[in-house]
Amino acid sequence: MWDSIKEFAADFFVTGDPLIYGADVSIALVSIAIVFVLTYFKKWKWLWREWLTTVDHKKIGIMYLIASLLMLFRGGVDAILMRMQLALPDVEFLQADHYNAIFTTHGTIMILFMAMPMMFALFNMVVPLQIGARDVAFPFLNALSFWMFLFGAMLLNISFVIGGSPDAGWLSYPPLSELSGSPGRGQDFYIWGIQISGIGSLATGINFIVTILKMRAPGMKLMKMPLFSWSVLSASITILFAFPILTVTLALLFLDRYFGAHFFTLDGGGMSMLYVNLIWMWGHPEVYIVVLPAFGIFSEIVATFSRKTVFGYNSMVFAMMVISVLSFFTWVHHFYTMGSSADVNAFFAITTMAISIPTGVKIFNWLFTMYRGRIKFDLPMLWTMGFIPCFLVGGATGVMLAVAPANFQYHNSYFLVAHFHQVLIGGVVFGYLAGIYYWWPKLFGFKLDEKRGRWGFWFWNIGFYLCFFPQYFLGLDGMTRRVYTYGWDRGWAALNFASTAGAFLMGVGFIFQVWQIAYSVRKGERDKTGDIWNGRTLEWSIPSPPPVYNFARVPQVQHVDDWWREKEDRENGIVRPQPELEPIHMPKNSGIPFIMSSFWFLIGFGFTFDWIWLVIIGFLGVFGSMYARSFTYDVDYYIPVDEIKKTEQKLRGATT
Amino acid sequence: MKATHKRLRMLGIILVGVGMAVFLAGCGNPMVLDPKGQIADIQKEMIWISIILCAIIIVPVLGIWIYISVRYRDKPDNKAPYEPNWSHSTKLEVIWWGIPIIVVGVLGYFTVVATYDLIKPPKATANVEPLTIEVTSMDWKWLFQYPDQDIATVNYLNIPENTPIQFVLTSNTAMNSFWVPQLGGMMYTMPGMAMRLWLQAEGPGEYLGMGANFSGSEFAKMHFKVKSMPQNEFDAWVAKSQDEPAKLTRETYAKLAVKGTVPIQTFGQNEPTLFASIVVKNGGHHGISIRGSDPVKSNQQSSGVKSEAETKEVSGSQQPEQNQ
Amino acid sequence: MAQHIVSPEVHEHHTQEQESLKTAGFWLFLISDVILFGTLFATYVVLVGHTNGGPTGKELFEIQGFVISTFILLTSSFTSGLAVLQMHAKNLKGLIFWLVVTILLGGAFLFIEIEEFLTLIHEGANIGTSAFLSAFFVLVGTHGIHVTLGIFWCIGLIIQLRKHGITTVTKRKITNFGLYWHFLDVIWIFLLSVVYLMGVM
């Protein structure tokens, strides 16, 4: 009996590393603390009613944001650990397998559980407000997407202390990721964590396409829509076409591992190259999925902080659409060196270079939006200014990588690592941070402190260049990615040390940002007008934070930058007519998304540990939840006019 | 505020200075930009062409970026023009759709030409009989077989200088990638597939080679030395190696295939059908069609992997035991 | 319910708006499902020759079996169309009748498919035999799972119809179910051509 318990525990818990015991203890302590606080302050009911069951896009956005910042922390700690291991030759800080697990979770978390939810946070926080809608098209589905993401992310994250982390790389190429190469539980956690959250992402994509196409305020023709919403549309369309491929690919890998199928295995006629093709057919569009919304964010910020209409609106829209189409025709550039024919390589080299054209055009358009404007360097604009040179260089190294014959010398080296960090940090992270700074006052009603933010900005930026520029040279000097150690004889020590120092500076930047948030919660400048940046689009026409129904009256849109024009009109004494208030139709909260997602968690956990009984419980729960939802007909309610009046008076009292 | 700015700027300048110093100390002449063979030469050229073409766009844009952000700052005494509604100019937009299209066109031209060039055997030594080496990436070591010399090595390579080397690559487990930066770019080693890669060294020298695609625990240890030497020296080494008592047989291969790292080894005798059987066992059941670079036209079958017919025979008669 | 705040007409208007969004969303879901099947088809086409020395489609597929399943599924698609016609004619009984027929035909289709799978497995051709068979079972099986889910969905809808009658909400649900069922039919036609007909040829 005792022996079997011990055997079980050895399989169930990850053992043998002080870092992991430390994590065990801190996870236990934090969980106890959370439970204690919630119980002590009698907040359980509040948590359930206000957050766990909410279908309000603003609250869902905030939850995405919190989760993604936590994941940024986890991914960042992974990065720091790796850089410590690589700081000098022959460091014995991490074991090979531990290092391999860390770079795997770093990549997986940063792309799928940091960038994606941070993007969805911005979708949710902004899009309905920007197009004059009261919520997204499917609020229930939206909540379900969030909880699927969160439980998927938790599934991957617990692998650190239970069962073992995945360690076959963030895209898990087989046959290494097959049972023959990775017999441990980690790979199953990886598959189910991504699978569950991926279904949520697909649903979010569908949700926002319908929201944007069908729920814009009257008068807002597509070509009068703010550019951020355009970017969300293009990203969502890309999600719709890309994510099913990911679902299938991971499902096939799962079938290989669990049912002994032979899609990608070494034996039985399996073909690992098929996996590489499939995963990149999703993976490359995925990169553009995360960067397109950043482009949208910059367009909004540049116009607002230059106090000027965005330059070349039509070009901007066209460029984004071209990017999202082209992104499906470049996947082979991730493996030019897999023996493709010259015809294939030449074709994909050209398409890859071609995608840089619309991207370059966007940069010109941003610059000329600033030209003859009046530029203010508040934090959102500061990050945008940091983005431009960083993304330019990152884009240029991308074009260099696209040159197929030269790519044979960069592939899988630190040159590549430096490139994609430059576009993903310089483009995506800088963009999302800019967006968070920009829309934070709208969602929370106060501004994030400038001074601490500036410290954060400079640490991030200087740290970035110090961290990643040396890596280009390391790559050219033959340092391949994913090596956990190297010898003194390579001559890579100095550059690696500099790179590690840069990583620490970025870490300091992040700490400044955490401090900035903590400080601003109590002392940040309060937003009383709802239009703290002198904005241009509809979200700035309502109070901060917005009431649950967003718009008391559905706005009637006439122009691009409609709110800006309305303000101009007001200065000229023209006041637009205000229609009568009407009761507002709103969706009801529901606990089903949370419950159903937790059943998905059980399914993933059950498959990971081969506990079929748990899988069965999970599936019964999932189908039960779906049936329960299908049979619920009481899904909406109305806010009476009196209540709207009261709320509006309270929120706008000081200003109007 | 002003003081903070100054301090920040100082900090920035110091850090950038330190960074530059480290660069200059650290990068010297990176391998890829210090090629020792014709293939790597062409690739270096392509790298410089792409750097220059990118710089044509990036440098002016960075200039414009600095100029605009200084000139149009929101300061009370700024006299620069302010046109809040100026948002369209067909002429300007045509220019900046046009410039990248032209640059990409030029770069695309060079790229396509080089892409077709590099899959062919090196031109400069077209008259020299190529040497074939069969490469298998294993957990976590490299097996190099010299079918025509009837020898095999583990974790080191010797090659004759100024001779086109035809590498035929495969893997017996996870994917890896075969890379000798100073001789030329890499190529994946894939289970169940065979890839061809041409490399060539100019003059004698010793170069670093490595596995470039993550393949599990001790992947970081999968580096090896490549020594190029004059033909007579190479022949002498081959002759000496043939006298080595260790022989590459299916049994020694099975021992070698056990996961782990090993020191360099030399086998005085090669197992000629082994390479093909590794490919076949791992899913290449249609016989071996080699992907990647072109073969030498005249003697497609003479050197290199055993032909398809022989392969089939191997797979039919003696299916090697499963690997782990 | 808080509908008393607004008139039934206004509420109906809101409901119709909501329902039209859901139909739009369902179309997008179908697009994503097309991609899903497209990926599986591509996988199948790549792996169809990877029989690993095991049986090929020609040796395994029985013409009689797949011709009958095709006939049954096409008929069920037709009956689901009849159901939708009855719905538009506001004939609840006719609607439910044709839905039941559709379910029964779907069940028969599934029965044949499962039996085919069991026969194959009995003959030693299972998912782990070769890459070709992995791809075959997963592609055809995924379609089968879709049919299964469709049947359970339809049962749920019939119960709801009995409870609520033909309303804006149930109408939308039946319409979407009809779309889904026709979609599965189209997928099956591709399966028939790519897997079975090309397999036996």
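- In the nomenclature of an unreviewed UniProt entry, chain B corresponds to Quinol oxidase subunit 2 from the organism Paenibacillus herberti.
- What the UniProt record of chain B gives under Function (unreviewed entry) is the line "Catalyzes quinol oxidation with the concomitant reduction of oxygen to water. Subunit II transfers the electrons from a quinol to the binuclear center of the catalytic subunit I."
- Among the UniProt annotations of chain B, the heading Sequence similarities (unreviewed entry) holds the following wording: "Belongs to the cytochrome c oxidase subunit 2 family."

- An unreviewed UniProt entry annotates chain A as Cytochrome c oxidase subunit 1 of Paenibacillus herberti.
- As recorded by UniProt, the Sequence similarities (unreviewed entry) comment attached to chain A reads in full: "Belongs to the heme-copper respiratory oxidase family."

**Here's the deal with the overall build of chain B**
And step 1. The helix and strand tally for chain B stands at seven helices and 12 strands.
And step 2. Expressed as a percentage of the 324 residues in chain B, the buried residues total 52%.

**Remarks on the packing of aromatic side chains**
And step 1. This model, assessed by the stated rule, comprises 122 aromatic pairs over all chains.
And step 2. Ring geometry for Phe 117 of chain C versus Phe 137 of chain C: centroids 4.9 Å apart, planes at 75°, classification edge-to-face. Pair noted here: Phe 117 of chain C is in helix H4 (residues 92-122) and Phe 137 of chain C is in helix H5 (residues 131-164), with a separation of 20 residues, a long-range link.
And step 3. Here Phe 137 of chain C falls in the buried class, since its relative accessible area comes to 9%.
And step 4. Lying across the ring of Trp 51 of chain A, Lys 59 of chain A places its NZ or CZ 5.5 Å from the centre.
And step 5. Here the guanidinium or amino end of Arg 452 of chain A rests over the ring plane of Tyr 519 of chain A, the centre of that ring lying 3.6 Å away.

**Observations concerning the sheet that holds strand S8 (residues 194-199) of chain B**
Backbone-to-backbone hydrogen bonds join strands into a sheet, with any given pair of strands oriented parallel or antiparallel.
Residues and elements named next belong to chain B.
And step 1. The seven strands lie next to each other as S11-S3-S2-S1-S5-S8-S12, forming an open sheet whose pairing is mixed. Of all strands in the sheet, those with a lone pairing partner are strand S11 (265-267) and strand S12 (290-292), marking the two edges. Sheet twist, expressed as the average angle between the axes of neighbouring strands with direction ignored, equals 25°.
And step 2. Sheet topology places strand S1 (residues 131-138) next to strand S2 (residues 141-146); five bridges connect them, and they run antiparallel. Along S2, the bridge assignment pairs Met 138 with Lys 141.
And step 3. Across the sheet, helix H4 (residues 231-242) is in contact with S1, S2, strand S3 (151-154) and S11; its angle to S3 comes to roughly 90°.

**Re helix H6 (residues 139-158) of chain A**
And step 1. Relative to the 28 Å expected for 20 residues at 1.5 Å per residue, H6 of chain A spans 29 Å between its end C-alpha atoms, a close match to the ideal helical length.
And step 2. Burial runs high along H6 of chain A: 16 of the 20 residues are buried.

**Regarding the UniProt feature "domain: Cytochrome oxidase subunit I profile" (unreviewed entry) in chain A**
And step 1. Those residues carrying the UniProt feature "domain: Cytochrome oxidase subunit I profile" (unreviewed entry) are residues 42-558 of chain A in this numbering.
And step 2. A helix fraction of 68% and a strand fraction of 0% characterise residues 42-558 of chain A, whose end C-alpha atoms lie 48 Å from each other.

**Side note on the domain arrangement of chain B**
Residue and element names in this part refer to chain B.
And step 1. According to the domain assignment, chain B consists of domain 1 (31-73 + 91-119) and domain 2 (131-282).
And step 2. Each partner contributes to the interface: domain 1 provides 12 residues, whereas domain 2 provides 13 residues.
And step 3. Summing both sides of the interface, domain 1 and domain 2 together bury roughly 990 Å²; the carbon and sulfur share of this comes to 56%.
And step 4. Counting the surface domain 1 buries against domain 2, the share from its top three residues, Met 31, Lys 36 and Ile 39, is 53%.
And step 5. Across the domain 1-domain 2 interface, the total number found is zero salt bridges.
And step 6. Taken together, the connections running from domain 1 to domain 2 amount to five residue pairs in polar contact (both at pLDDT 80 or more).
And step 7. Here the residues of the side of domain 1 that touches domain 2 are counted per class, giving six nonpolar, three polar and three charged.

**Looking at the UniProt feature "transmembrane region" (unreviewed entry) in chain B**
Residue and element names in this part refer to chain B.
And step 1. In the numbering used here, UniProt assigns the "transmembrane region" (unreviewed entry) feature to residues 7-26, 46-68 and 94-116.
And step 2. For the annotated span residues 46-68, helix accounts for 100% and strand for 0% of the residues, and the straight-line distance between the end C-alpha atoms is 33 Å.
And step 3. Secondary structure within residues 94-116 divides into 100% helix and 0% strand; the distance between the first and last C-alpha atoms comes to 33 Å.

**Quick look at the sheet that holds strand S4 (residues 156-160) of chain B**
Residues and elements named next belong to chain B.
And step 1. Taken in spatial order, the five strands line up as S4-S10-S9-S6-S7 in an open sheet, and their pairing is mixed. One side of each edge strand has no neighbouring strand; the edge strands of this open sheet are S4 and strand S7 (184-189). Put simply, the sheet's adjacent strands are angled 20° from each other on average, direction ignored.
And step 2. In this structure, strand S6 (residues 176-180) lies alongside strand S9 (residues 205-211), joined through two bridges in antiparallel fashion. Residue pairing in the sheet places Phe 178 in a bridge with Gly 211 of S9.

**So, the pattern of salt bridges**
A side chain of one charge can pair with a side chain of the opposite charge if their charged atoms are brought near each other.
And step 1. For the structure on display, the rule yields 24 salt bridges over all chains.
And step 2. Across the pair Arg 576 of chain A and Glu 566 of chain A runs a salt bridge, and its minimum N-O distance is 3.7 Å. Taken together, the residues span a long stretch of sequence, with Arg 576 of chain A in the loop between helix H17 (562-571) and strand S1 (584-587) and Glu 566 of chain A in helix H17 at a distance of 10 residues.
And step 3. The exposure class assigned to Arg 576 of chain A is buried, which follows from its relative accessible area of 14%.
And step 4. Its relative accessible area of 16% is what places Glu 566 of chain A among the buried residues.
And step 5. In this structure, the salt-bridge partner of Asp 139 of chain B is Lys 259 of chain B, at a minimum N-O distance of 3.6 Å.

**Considering the environment of Ser 171 of chain B**
All names here are of chain B.
And step 1. You can see Ser 171 is positioned in strand S5 (residues 165-171).
And step 2. When the C-alpha positions of Ser 171 and Gly 268 are compared, they lie 22 Å apart, and in sequence the two are 97 residues distant.
And step 3. With residues up to four places along the chain from it excluded, the contact list for Ser 171 reads Thr 136, Ser 137, Thr 189, Met 190, Pro 191, Gly 192, Ile 278 and Asn 282.
And step 4. Within the local environment of Ser 171, its side chain forms a polar contact with the side chain of Ser 137, the two groups lying 3.3 Å apart.

**Quick word on the interface of chain A and chain B**
And step 1. Contacts between the two partners involve 103 residues from chain A, matched on the other side by 98 residues from chain B.
And step 2. Summing the contributions of chain A and of chain B, the shared interface buries around 8,800 Å²; its carbon and sulfur component is 71%.
And step 3. The largest share of the area that chain A buries against chain B comes from Arg 372, Arg 374 and Gln 409 of chain A, three residues that together contribute 9% of it.
And step 4. Summed over the shared surface of chain A and chain B, the result is three salt bridges.
And step 5. Close ionic contact of Glu 83 of chain B with Arg 372 of chain A constitutes a salt bridge, the shortest N to O distance being 2.8 Å.
And step 6. For the side of chain A that touches chain B, the secondary-structure elements that each account for two or more residues are helix H5 (96-130), helix H9 (272-306), helix H10 (313-326), helix H11 (342-370), helix H12 (379-402), helix H13 (404-410), helix H15 (450-476) and helix H16 (493-523) of chain A.
And step 7. For the side of chain A that touches chain B, the per-class residue count stands at 62 nonpolar, 27 polar and 14 charged.

**What to know about the side chain of Gln 516 of chain A**
Residue and element names in this part refer to chain A.
And step 1. The residue Gln 516 is located in helix H16 in this model.
And step 2. Of the residues examined, Gln 516 reaches a relative accessible area of 1% and is grouped as buried.
And step 3. Aside from chain neighbours lying at most four places away, what touches Gln 516 is Leu 379, Tyr 437, Leu 448, Asp 449, Arg 452 and Gly 453.

**Quick look at unusual backbone geometry**
And step 1. Residue Pro 545 of chain A follows Ser 544 of chain A across a cis peptide bond; omega there is -20°.
And step 2. Following Asp 139 of chain B, the chain continues to Trp 140 of chain B via a peptide bond in cis, the omega torsion being -10°.
And step 3. Positionally, Trp 140 of chain B belongs in the loop between S1 and S2.
And step 4. The backbone of Ser 172 of chain A shows a phi angle near 50°, a positive value even though the residue is not glycine.

**Observations concerning empty space enclosed by the protein**
And step 1. Applying the stated criterion across every chain yields a total of eight cavities of 30 Å³ or more.
And step 2. The space that makes up the largest cavity amounts to roughly 170 Å³.
And step 3. The wall of the largest cavity is formed by 19 residues, among which Phe 408 of chain A together with Leu 118, Ile 119, Met 187 and Ser 293 of chain B lie closest to the centre.
And step 4. Of all elements in the fold, only H13 of chain A together with helix H2 (38-71), helix H3 (90-118), S7 and S8 of chain B reach the threshold of two or more residues within the lining of the largest cavity.
And step 5. When grouped by side-chain class, the residues that make up the lining of the largest cavity number 11 nonpolar, eight polar and no charged.
And step 6. Residue contributions to the lining of the largest cavity reach at least three from each of two domains, namely domain 1 (31-73 + 91-119) and domain 2 (131-282) of chain B.

**A look at the pairing of S8 of chain B**
Residues and elements named next belong to chain B.
And step 1. For S8, a buried count of six out of six residues is recorded, marking the element as mostly surrounded by other parts of the structure.
And step 2. On S8, burial covers both faces: Ala 194, Arg 196 and Trp 198 on one face and Met 195, Leu 197 and Leu 199 on the other are all buried.
And step 3. Where S5 and S8 come together, five bridges link them in antiparallel fashion. Bridge pairing links Ile 165 to Leu 199 in S8.

**Here we look at helix H3 (residues 63-88) of chain C**
All names here are of chain C.
And step 1. For H3, which comprises 26 residues, the first-to-last C-alpha distance of 38 Å matches the rise-based estimate of 38 Å (1.5 Å per residue) to within 8%.
And step 2. Regarding H3, the residues found buried are Phe 66, Ser 69, Thr 70, Ile 72, Leu 73, Ser 76, Ser 77, Thr 79, Ser 80, Ala 83, Val 84 and Met 87.
And step 3. On its buried face, H3 sits against H4, H5 and helix H6 (168-200).

Rules behind the numbers
- Residues numbered from 1 in each chain as written.
- Chains lettered and ligands numbered in written order.
- Predicted model: local features only at pLDDT ≥ 70, side-chain atom pairs only at ≥ 80, totals over all residues.
- Heavy atoms only, no water.
- UniProt positions renumbered as here; feature names shortened; annotations may be inferred.
- Helix = DSSP H or I, 4+ residues; strand = E, 2+ residues; numbered from the N terminus.
- Buried < 20%, exposed > 50% of the residue type's maximum accessible area, 1.4 Å probe, protein only.
- Phe/Tyr/Trp six-rings, centres within 6.5 Å; stacked < 30°, edge-to-face > 60°.
- Lys NZ or Arg CZ within 6 Å of the ring centre and 35° of its normal.
- Pairing = 2+ DSSP bridges.
- Axes fitted to C-alpha atoms, helices over the stretch in contact; angles between N-to-C directions.
- Contact = heavy atoms within 4.5 Å.
- Expected span 1.5 Å × (residues − 1).
- Domains from an automatic or database assignment.
- Buried area = accessible area lost by both parts, 1.4 Å probe.
- Salt bridge = Lys/Arg side-chain N within 4 Å of Asp/Glu carboxyl O.
- Polar contact = N/O pair within 3.5 Å; in protein donor to acceptor, adjacent residues only side chain to side chain.
- Nonpolar A, V, L, I, M, F, W, Y, C, P; charged D, E, K, R; others polar.
- 1 Å grid on protein atoms, 1.4 Å probe; cavity = no way out; pocket = protein on both sides within 12 Å on 5 of 7 lines; lining within 4 Å.
- Points joined across faces, edges and corners; volume = space filled by probe spheres on them.

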